[in-house]
Structures are given as structure tokens and as C-alpha cells.
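Letter by letter, the chains look like this.
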Amino acid sequence: MVLEATYTTWDFVRWSTLLLASGWYGAFWGISMLGWSVARAVYTRRPRSPLASARPDTPVPGVSIIRPLRGLDPNLYENLESSLRQEYPNFEVIFAVQDPDDQALKVVRDLIANYPSVPTQIIVGNEVVGSNPKVNNLVRSFQQARHNIIWILDSNVCTESGTLTRSVDALTRPSPRSGSLPTTVQPTRRSRVGVVHHVPFAMTYGASQSLGSRIEEAFLNTTHAKMYIAINYLAIESCVMGKSNMYRRSDIERLTALPSSRGQYKRQRITDTGEPEPPIYPPEIITGLPAFGEFLAEDNMIAASMMHELGLSHGMSCDVAINALGPMSVYDYIERRVRWIRVRKHMVLTATLLEPFTECLALLFIGWYVISVSGIVPFWAFALVHIGGWLALDLGVYAAVAGHPLPASKRFAFLFAWLLRELMAFPIWLYGVLGSDVVWRGQTYTVRRNGKVRRREQDSAKYLPGRTLLGVVFP
């Protein structure tokens, strides 16, 4: 007698979901291990660039460092001082503030007095080109910068003295897949690096070590760093955070942020010099930095436009952007995560919807769904191995990016914050995707299509390109 196996629709669905779940589980373990391995290979050594010891008369590319300021951020003096202490023979530092009465100006003037040999500018006043106050604050500095290479650092960011030289190396002389961690796409005509950025590394100081700050620290230094490094290594799509970004002004001036401009580098004619012929836009098309004035995530939009409009790649040097965290409540942490979930929802909807399934606890249940078929391994044993392995990878990323293992003195508090963040990830994501309003620096914005925002309490007609609120320059 011959027995014939019969398969029902339910069997097909069950085995298909098992195959999908096992593939998803394996893929994100693979991506996590990639982030860990690249972090170990790149961030555990930070060699000194030859540019750091170049003579003052050596012809090196000039760099304009721009520090947009508003109020007294944590560790402000030390953060700004790190820009003036860069080991590089040709740079200037521009401090940009909107309000002439801003408290940060006193810190800046004290700092300049202590470093009289460093070329500096203080630019007070913004040019309103959109809803994003940071972009409005940067426009005048972009225009008045002396050099083509622009390095923008948030006011709560500190960098090592060799960061500038290594970043210029990554921007001008990248070595693919080696040392400087270039995230190189393979465009049709060229793969010149258009933006160099740095993975953020959060630090808490003294009174700033509140529970919310510890959760933010645990998130940025493990999960975020791991995925940020892995995604940029794969270079599938733009993934850039604006804590510390270096560009060429000449590249940004060619950007439009328009969907119709995507892929235009493939259609451009190549000149006799080997460079693509610059496109000619009608007068009504806004180009350059003002084109990004309506985006809250202007950092990633600029980087994405570099990739898709100009065919340029992204690079990461072996440096970190040390983010000084101030006192932050748990509510502040939730508000910050919700803000960027809502922005990403309107920029990369599919990736945002899949995001909760990349978290440790979600992957735990996906993996258990696959393993439970065997009926051999108990759930508690699988959970112990899964969470323990995930935590080990995260701590390995922390050690690589920080340059040292997690200090024993903060181990318990850090691990508690890490676990709390994992437990909060799905509820925060769910709350985030269900709305479109965000709060940033005391202002409420509504996120619209493609990540553009509108201030709720102001008439959008007030945002006219080229309108200057204040224009006073202090040399």
C-alpha cells in the first residue's frame, strides 16, 4: 500500500512563515554581527593622519568648521574648544547664532580670547528659508565661509583633535573598505565621497546622569551605533545623522532636494575635465542649502541628495562624535524617539514599519517561533542565549566605539537602562507611527510628505526664501 502525503493550505502557510521567520531572524543576527565586526576593525585604532604634522605653508584643503548655537548646551565650552584644538594647518571656526542676546555668545567670546591664533568668525542672525531653524541659522555661515570644505558640528558635540585630519582624508583620499570605513556606492560614472559623517557616542556627566539620559546613552552607544555602522557599511541607502557632517559647499550648491532630480547624474554630459556638466535649473527652482529648509531631518536629506542627485558616496572616518547629554527625563527620551519615528515614517515608510521587528525582544519571539518546531529547547533557555548573545554584541560595539569596555562603576545602571530601552521600544514605536506632530526645541511641527515640516503656530507664508531677520557679522 502506498501512502500519499497530503498538504493543506494551512501547512503551506505554516512552512512559508517558518521559512520567512528563520530568514528574518538570521538576517538581523548577521547585520548585528556585521556592525560589531566593522566597529572592532575600524574604531579600535585611530591612526594619526600625515596632515596633522603638515607645515603651516603646506598646500592642504582649507576647512570651515561651523558650530550652530542656541543657548547653553551641556559641556558647551569644552565642546566648542575641541574645534579650535584640531591638528590641521588650514581651518577656521564659525560660530552661528540667531539671537544677539544668546547666552552662548559669552562662552564663545571667552573661548576666542583664549585661542587668538585660530581664525574665527561670529555670525549673528539667520536667513529664513524654511521651517527648520538650524538650516536658517546655517545659511549665512555657508555663504561667508572662507573654504569650500564645510564641517558642521552640533553644539553638544565634542571631537578628538585628530578628527579633522582623518575626515579630510576620508573626503579626499578614501581607500575603499579599509581604514576610513568608506560606505561606497557604485554609481554609473564616479564614486567620489560627498559627505563624511561620524557615529555619535553619548556621554553623561555628573548631574546629567538621570534615568532618561542613561536610556539615551544605552541606545546610542549600542543598538544605534551597531545598526548605523552596519547600514553605512552596506551603503544600500542613505543613513546619516547630523551631529558631525563634512561636505563640499560646491556639491551642496548643486542639490535641489526634488524627487525629479534623482538619478540626474546618470544623464549629465561629461566635460573635457572628466567632471559632469552642472545642470541648469529654471529660476523658480531653489538649490543649495535653502532647498532643505523645510526638512526637519535636513542632515539625511542632504546626504540622500548627494547619493541620488550627484551619485556621490558617503564616508565614515574612524572617529566618533562625542555627544554630551544633559539631564533628560524618561518623557524627554520618549519624545525624542517619537519625533524621529514620525519624521522617518514620512521619509522611509517601509523601513519604519519594519523597525520594531529588528529589536532584540521582537527577534526573540520570531526566533522562538522557528525553534519551537523542534520541541527540544525550552523557551527560557532560548531566551537566555538570545538575549545574552545580543547583549554581548552590543557591549562589544560599545567597547569598540568607546575605545574601552563598559566601566565597572556604571555597569549595573547601564544594563538596567539597556533592558528598559528594549522593553520600551515597541510602545514608543507604536505611539510614534500613530501621529504626525513633533516637538523640537519648544516648537510644535507637523511632519508632512517626504519629511517636510510646518510649524503649527505660524503662517507658512512667513517663510520666504531670502528674508533676513538680522545680519550682523562680528569678525
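Residues numbered from 1 in each chain as written. Predicted model: local features only at pLDDT ≥ 70, side-chain atom pairs only at ≥ 80, totals over all residues. Heavy atoms only, no water.

## Here's the deal with helix α6 (residues 211-234)
- In this model α6 runs 34 Å from its N-terminal to its C-terminal C-alpha over 24 residues, within 8% of the 34 Å that 1.5 Å per residue would give.
- Of all the bends found along α6, the most pronounced is centred on His 224 and spans about 40°.
- At the C-terminal side of α6, Ala 235 shows a positive phi close to 55°. (Helix = DSSP H or I, 4+ residues; strand = E, 2+ residues; numbered from the N terminus. Expected span 1.5 Å × (residues − 1). Bend = angle between axes of the 7 residues up to and from the residue.)

## Examining the packing of aromatic side chains
- Throughout the structure, instances matching the rule amount to eleven aromatic pairs.
- Ring geometry for Trp 368 against Phe 379: centres 5.3 Å apart, planes inclined by 80°, an arrangement best described as edge-to-face. Of this pair, Trp 368 sits in helix α11 (residues 360-371) while Phe 379 is found in helix α12 (residues 379-402), placing the two residues eleven residues apart along the sequence.
- Judged by relative accessible area, Phe 379 falls into the partly exposed class, the value being 33%.
- For the pair Trp 368 and Phe 382, a centre-to-centre distance of 6.2 Å together with 40° between the ring planes defines the contact as tilted. (Phe/Tyr/Trp six-rings, centres within 6.5 Å; stacked < 30°, edge-to-face > 60°. Buried < 20%, exposed > 50% of the residue type's maximum accessible area, 1.4 Å probe, protein only.)

## Focus on a nonpolar patch on the surface
- A cluster of nonpolar side chains, Trp 10, Phe 12 and Val 13, forms an exposed patch at the surface whose accessible area comes to about 380 Å².
- If you trace the backbone, Val 13 turns up in helix α1 (residues 9-43). (Patch = residues over 30% accessible without salt bridge, like charges linked within 9 Å, V, L, I, M, F, W, Y side chains within 5 Å. Areas by Shrake-Rupley, 256 points an atom, 1.4 Å probe, with all protein chains shown as cover. Salt bridge = Lys/Arg side-chain N within 4 Å of Asp/Glu carboxyl O.)

## As for the confidence of the model for the protein chain
- Per-residue confidence for the protein chain averages 85 on the pLDDT scale, and 84% of its residues sit at or above 70.
- Residue range residues 176-190 is modelled with pLDDT below 50. Its contacts to residues more than four positions away, or to other chains, number 55 contacts.
- Considering only residues more than four positions removed or in separate chains, one finds that residues 459-475, a stretch of pLDDT under 50, has 43 contacts. (pLDDT = per-residue confidence, 0-100. Contact = heavy atoms within 4.5 Å.)

## Focus on the packing of helix α2 (residues 76-84) against helix α3 (residues 104-114)
- Running from amino to carboxyl end, α2 crosses α3 at an angle of 40°, the nearest separation of the two axes being 10 Å. As far as their axial angle goes, α3 and α2 are oblique. Crossing handedness for the pair α2 and α3: right-handed. Taken together, the residues of α3 that come into contact with α2 (itself represented by Leu 76, Tyr 77, Leu 80, Glu 81 and Leu 84) are Ala 104, Val 107, Val 108, Leu 111 and Asn 114. (Axes fitted to C-alpha atoms, helices over the stretch in contact; angles between N-to-C directions. Parallel < 35°, antiparallel > 145°, perpendicular 65-115°, else oblique. Left-handed = near helix turned anticlockwise from the far one by under 90°.)

## So, the pattern of salt bridges
- Tallied over the full model, the rule gives 18 salt bridges.
- Among the salt bridges present, the one from Arg 146 reaches Glu 92, with a minimum N-O distance of 2.7 Å. Here Arg 146, found in the loop between α4 (133-144) and β5 (149-153), pairs with Glu 92, found in strand β2 (residues 91-97); they are 54 residues apart in sequence, far enough to count as distant.
- Overall, the relative accessible area of 52% leaves Arg 146 in the exposed class.

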